[in-house]
Amino acid sequence: MNPSGPEVIAAEKRRGQGPVRTFRLTATETTVDLGGRSVRTWAYGDDLPGREVRIKSGDILDLTLANHLPTETTLHSHGVRMRCDMDGVPGLTQYPIRPGADFRYRFAVDHPGTYWLHSHSGMQLDRGLYAPLIVEDPREPLSYDREWVVVLDDWLDGVQGSTPDKVLRQLHGNARRAPMDMGTGNGDEHSGHEGEGDRSTGPNRVLHGSHSRILESEGGSVDYPFYLINGRLPGAPSVFRARPGERIRLRIINAGAETPFRVALGGHKMTITHTDGYPVQHTTTDALLLGMAERYDVLVTVKDGVFPLVALAEGKKARALAVLRTGQGRKSLPQADVHPKELDGRIVPARRLVPDDSVALCHRKPDREMRVTLTGNMRQFNWGFDHHPYSITQRHPVREGERVRITLINATNMWHPLHLHGHTFAVSGIDSARARKDTAIVHPHRKLVVDFNADNPGLWMLHCHNQYHSESGMMTILGYRT
Ligand SMILES: [Cu+2]
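Since we're looking at a predicted model, the values are computed, not measured.

1. What about the environment of His 268?
- Its location among the elements puts His 268 in the loop between strand S13 (261-265) and strand S14 (270-275).
- A residue is classified by how much of its surface remains accessible, and His 268, at 3% relative accessible area, is buried.
- Distance in space between the C-alpha atoms of His 268 and Met 414 is 32 Å, their sequence separation being 146 residues.
- Excluding residues that lie within four positions of it along the chain, His 268 makes contacts with Val 300, Thr 301, Val 302, Lys 303, Phe 307, Leu 324 and Glu 342.
- Of note is the side chain of His 268, whose polar atom sits 2.9 Å from the backbone nitrogen of Lys 303.

2. Some remarks on the domain arrangement of the protein chain
- Split by domain assignment, the protein chain resolves into domain 1 (6-140), domain 2 (142-348) and domain 3 (358-481).
- Computed from C-alpha coordinates alone, the two centres of domain 1 and domain 2 are separated by 23 Å.
- Counting from both sides, the interface comprises 30 residues of domain 1 and, opposite them, 37 residues of domain 2.
- Across the domain 1 to domain 2 interface the summed buried area is about 2,900 Å²; carbon plus sulfur atoms make up 56%.
- When residues of domain 1 are sorted by the area they lose upon contact with domain 2, Thr 114, Asp 126 and Glu 140 head the list and together hold 24% of the total.
- If you look at where domain 1 meets domain 2, you find four salt bridges.
- The residue Glu 140 makes a salt bridge to Arg 249 at a minimum N-O spacing of 3.1 Å.
- Linking domain 1 to domain 2 there are 13 residue pairs in polar contact (both at pLDDT 80 or more).
- Those elements giving two or more residues to the side of domain 1 that touches domain 2 turn out to be strand S2 (38-44), strand S7 (113-119) and strand S8 (130-136).
- Among the residues making up the side of domain 1 that touches domain 2, the classes are represented as 13 nonpolar, eight polar and nine charged.

3. Focus: the nonpolar core
- One finds Trp 148, Leu 250, Ile 252, Ile 406 and Tyr 468 to be the most contacted residues of the largest nonpolar core, which totals 77 residues.
- At four residues, strand S18 (residues 306-313) tops the list of elements feeding residues into this core.
- Leaving out residues up to four positions away in the same chain, Leu 250 has contacts with Trp 148, Val 150, Tyr 296, Asp 297, Val 298, Val 300 and Leu 309.
- One finds Trp 42, Val 80, Ile 97 and Leu 133 within the second-largest nonpolar core, a separate group that totals 26 residues.

4. A closer look at the packing of aromatic side chains
- By the definition in use, this model includes five aromatic pairs.
- Between Phe 381 and Trp 383, the ring centres sit 5.7 Å apart and the planes meet at 80°, which makes this aromatic pair edge-to-face.
- The lysine or arginine in question, Arg 127, covers the ring of Trp 42, its NZ or CZ lying 3.8 Å from the ring centre.

5. A word on the UniProt feature "domain: Plastocyanin-like" (unreviewed entry) in the protein chain
- Feature annotation in UniProt places "domain: Plastocyanin-like" (unreviewed entry) on residues 29-139, 226-326 and 365-476, given in this structure's numbering.
- Taken end to end, residues 29-139 has its terminal C-alpha atoms 39 Å apart, with 0% of it in helix and 45% in strand.
- Along residues 365-476 one finds 4% helix and 46% strand; the C-alpha atoms at either end are 24 Å apart.

6. Topic: helix H1 (residues 6-14)
- Inspection of H1 places Val 8, Ala 11 and Glu 12 among the buried residues, and these make up the whole buried set. Across the axial projection of H1, the buried residues extend over an arc of 100°, all falling on one side. More than 90 degrees from the buried face of H1, the exposed residues found are Pro 6, Lys 13 and Arg 14.
- Looking at the packing, one finds that the buried side of H1 touches strand S6 (102-108).
- Just downstream of H1, Gly 16 is the residue with a positive phi angle, here 95°.

7. Some points on the sheet that holds S6
- In spatial order, the strands read S2-S1-S4-S6; together these four strands make up an open sheet with mixed pairing. Each edge of the sheet is formed by a strand with only one pairing partner; in this case those strands are S2 and S6. Sheet twist, expressed as the average angle between the axes of neighbouring strands with direction ignored, equals 20°.
- Bridge count for strand S1 (residues 20-33) against strand S4 (residues 60-68) is nine bridges, and the pairing is parallel. By the bridge assignment for S4, Thr 26 is matched with Ala 66.

About the cut-offs
- Residues numbered from 1 in each chain as written.
- Predicted model: local features only at pLDDT ≥ 70, side-chain atom pairs only at ≥ 80, totals over all residues.
- Heavy atoms only, no water.
- Helix = DSSP H or I, 4+ residues; strand = E, 2+ residues; numbered from the N terminus.
- Buried < 20%, exposed > 50% of the residue type's maximum accessible area, 1.4 Å probe, protein only.
- Contact = heavy atoms within 4.5 Å.
- Polar contact = N/O pair within 3.5 Å; in protein donor to acceptor, adjacent residues only side chain to side chain.
- Domains from an automatic or database assignment.
- Buried area = accessible area lost by both parts, 1.4 Å probe.
- Salt bridge = Lys/Arg side-chain N within 4 Å of Asp/Glu carboxyl O.
- Nonpolar A, V, L, I, M, F, W, Y, C, P; charged D, E, K, R; others polar.
- Core = buried A, V, L, I, M, F, W, Y, C linked by side-chain atoms within 4.5 Å.
- Phe/Tyr/Trp six-rings, centres within 6.5 Å; stacked < 30°, edge-to-face > 60°.
- Lys NZ or Arg CZ within 6 Å of the ring centre and 35° of its normal.
- UniProt positions renumbered as here; feature names shortened; annotations may be inferred.
- Arc of directions from axis to C-beta.
- Pairing = 2+ DSSP bridges.
- Axes fitted to C-alpha atoms, helices over the stretch in contact; angles between N-to-C directions.

Dropping the structure here:
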């Protein structure tokens, strides 16, 4: 199927012709201040995160991306079920945007929620090329006084000469040197590289032996120097102000490339209302776990004082921080290493969330079932599906109108956040818990079953949202057949 084919246009027409909302983003080389530390990077404008794009469901988003980067780029609207030729996958749904050129992304958005924009070219997501995309509901059923958009990120670009591409080469070079350098477990693998750094690749950022109990595996393979909330380091955090007793809606987005975050707001429990833009039956939790690209919306009735919002880099022994300040108190900001007890409290995982009735998929026997095995290992860093790296010509066929079931079988020792473009699937949950998501965590040596209605014709990526894994080959394509 052609990403601009008649079936795609027909599906787009069904989404309506609401008012057009026009935005312009410029992908550019710039300097951003992380809070006492400036770095050279690529970002949308001079902002980190990029300036929020906010529309209403029913609108037509008309977003022109100007490419002022020295290389090609594209923009992906993560989680939005849009027409396929606006999905921003270079070589598949569009030609890459050349340096100096523009591309106009124009599509109807028919579902509210918390989404985000990011580059879908190479390792660019691990630079500063991301921004929140908030789609308001004209008939918003929740009542709240304020909204706090919280964007989490792991950062290495421009620090001591590091770039994401160089670190990817380190991970692959590390694989080539194995088993000599690996598996000693003494944490000394970097000797000779650390400290002074290697001018060609920057300091070695390969992380060995991290461990996350919740994820039953290593947290990740990249040792980031910094972790950020809304573009700020813990020593100079962004501060959100509210009044005691107000109800705040937090929209939390993990824009990291390689880091899962465990998130808690000191002194408060949170009520989960949405994940990946789709409503769930309200559930109270102490903390959240967000794999890369996952989003959670929560409601909090805020107390009086100054409270840390902490995002632990799960398994990586580091953290990001933002601050909630209510009332007029002069209380000073929390310490950068503050550890609210809620971080070690109850975490409600996605598989326990029950979808709101309005978005629950009806029970239906799948018309098509496919099994996709996640393969690869840390040593060779050869991530893929079914022992193959990504190939643009390989397509898993589906047909419009089918109920499709994908069984994702994780045959690796690592956890992976799997993302399907253009659809929001129901995850196999506990009992009736089948929340709708577009990105879901698959634990090592476990399987995850996802169901979706094939109602958005086109060519759609299914990939790991660990950018170092996807770029190493853990991507494949679902292709609608005409
Ligand atoms: Cu992965």
